[in-house]
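# Reading the structure
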Amino acid sequence: MPHLPRFTAAAVQAAPVYLDPAATVDKAVALIHEAARHGAGLVVFPEVFVPGYPYWNWTMNPVQGSPWFERLYRAAVDVPGPYVDTLRAAARQAGVVLVIGINERGRTGVGRLYNTLLIIDADGELLSVHRKLMPTWAEKLTWAQGDGSTLTVHPTPVGPLGALACGENTNPLARFTLLAQGELVHAACYIALPVGPEDYDMADSIALRTAAHCFEGKVFSVVSCSTISPEMVDLIAGDDPQVRKQLSRPHSALSGIFGPDGRTVTEPLVDEEGIVYAEIDLGRCIQPKQMHDIVGHYNRFDVFRLHVDNRPLRPLEFPEEEA
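Quick look at the structure, then.

Rules behind the numbers
Residues numbered from 1 in each chain as written. Predicted model: local features only at pLDDT ≥ 70, side-chain atom pairs only at ≥ 80, totals over all residues. Heavy atoms only, no water. 1 Å grid on protein atoms, 1.4 Å probe; cavity = no way out; pocket = protein on both sides within 12 Å on 5 of 7 lines; lining within 4 Å. Points joined across faces, edges and corners; volume = space filled by probe spheres on them. Nonpolar A, V, L, I, M, F, W, Y, C, P; charged D, E, K, R; others polar. Helix = DSSP H or I, 4+ residues; strand = E, 2+ residues; numbered from the N terminus. Phe/Tyr/Trp six-rings, centres within 6.5 Å; stacked < 30°, edge-to-face > 60°. Lys NZ or Arg CZ within 6 Å of the ring centre and 35° of its normal.

## Some details on empty space enclosed by the protein
The full count for this structure, using the stated rule, is two cavities of 30 Å³ or more. Here the largest cavity is characterised by a volume of approximately 40 Å³. Lining the largest cavity are Pro-16, Glu-47, Val-48, Phe-49, Gly-52, Tyr-53, Tyr-55, Ile-191, Ser-226, Thr-227 and Met-232. Considered class by class, the residues forming the lining of the largest cavity number seven nonpolar, three polar and one charged. As for the second largest cavity, its lining consists of Asn-169, His-186, Ala-188, Tyr-190, Arg-209, Thr-210, His-213 and Ser-221. Sorting the residues of the lining of the second largest cavity by element identifies β8 (185-190) and α6 (202-217) as the ones contributing at least two each. Of the residues belonging to the lining of the second largest cavity, the class tally is two nonpolar, five polar and one charged.

## Let's talk about the packing of aromatic side chains
Counted according to the given criterion, the structure contains five aromatic pairs. Grouped by ring-pair contacts, the aromatic residues Tyr-53, Tyr-55 and Trp-143 constitute a single cluster. Its end group placed over the ring of Tyr-73, Arg-105 keeps NZ or CZ at 5.6 Å from the ring centre. We note Lys-218 situated over the ring of Phe-215; from NZ or CZ to the ring centre the distance is 3.8 Å.

Nothing here speaks to function; it is geometry throughout.
And the structure:
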């Protein structure tokens, strides 16, 4: 029988120290240890927490935003690199499985950034560097595309763990790819989005997407979303009252923990900074599977077939030298 652990999960809702990777990593380390003191075995942070989200893509035209892109590139994270080492050490010292979003700087050339999720095991091992498959809408001005090589579920002390960034949680094929590998714990990492259309409620959208994944897959989801600090509003909006109003829009962030019935395990956190804790018992995933196991008996693999190209994308391939 598979090991189905019980553990405490922690969903962090916080703002980065904007465009300051060193200070943001220090903040993350402090929050990791705070969560561990509350008994957390899994700690999930927001999308691109280090060192923040490129809101200027939504509030400026591309020419105006270009200097901000350079600023983000210079503040981005190298993988491997010292900031990753610090996060790995914190996970090891705290004894927690860690999922955290970063802006990853491309390894070759200049000017390439990825929206990346790091999964770090409780012993500090870097399990995954998952690059968001497709930047969403205005994000295409900042990030390159990821690939299928990291659409992987990892065995961890808290169970089979997968992770997706923000809009990827709207992609049914990406979600199915994780579920079909036996995912039981899903980390969903988001950013506060007050700059979308006026009729778009980010908090409700996060809850809807999470409930769907949990109910369809009969899994637990730990959802972490960033917030926007007053300092970020001052920096991004400057003297523009319209942008300041946009960035201060309520109901733009939600963090929480959802169960295999699609319902919240405990009260989620909306807009405010904090950490949501909940007890997870993976044994609760068994009985719901009897009704709908969409990666097992409740599917028709003779009718439907999903092909996933899990080869890493590289800009250059040299032919192998002949022996």
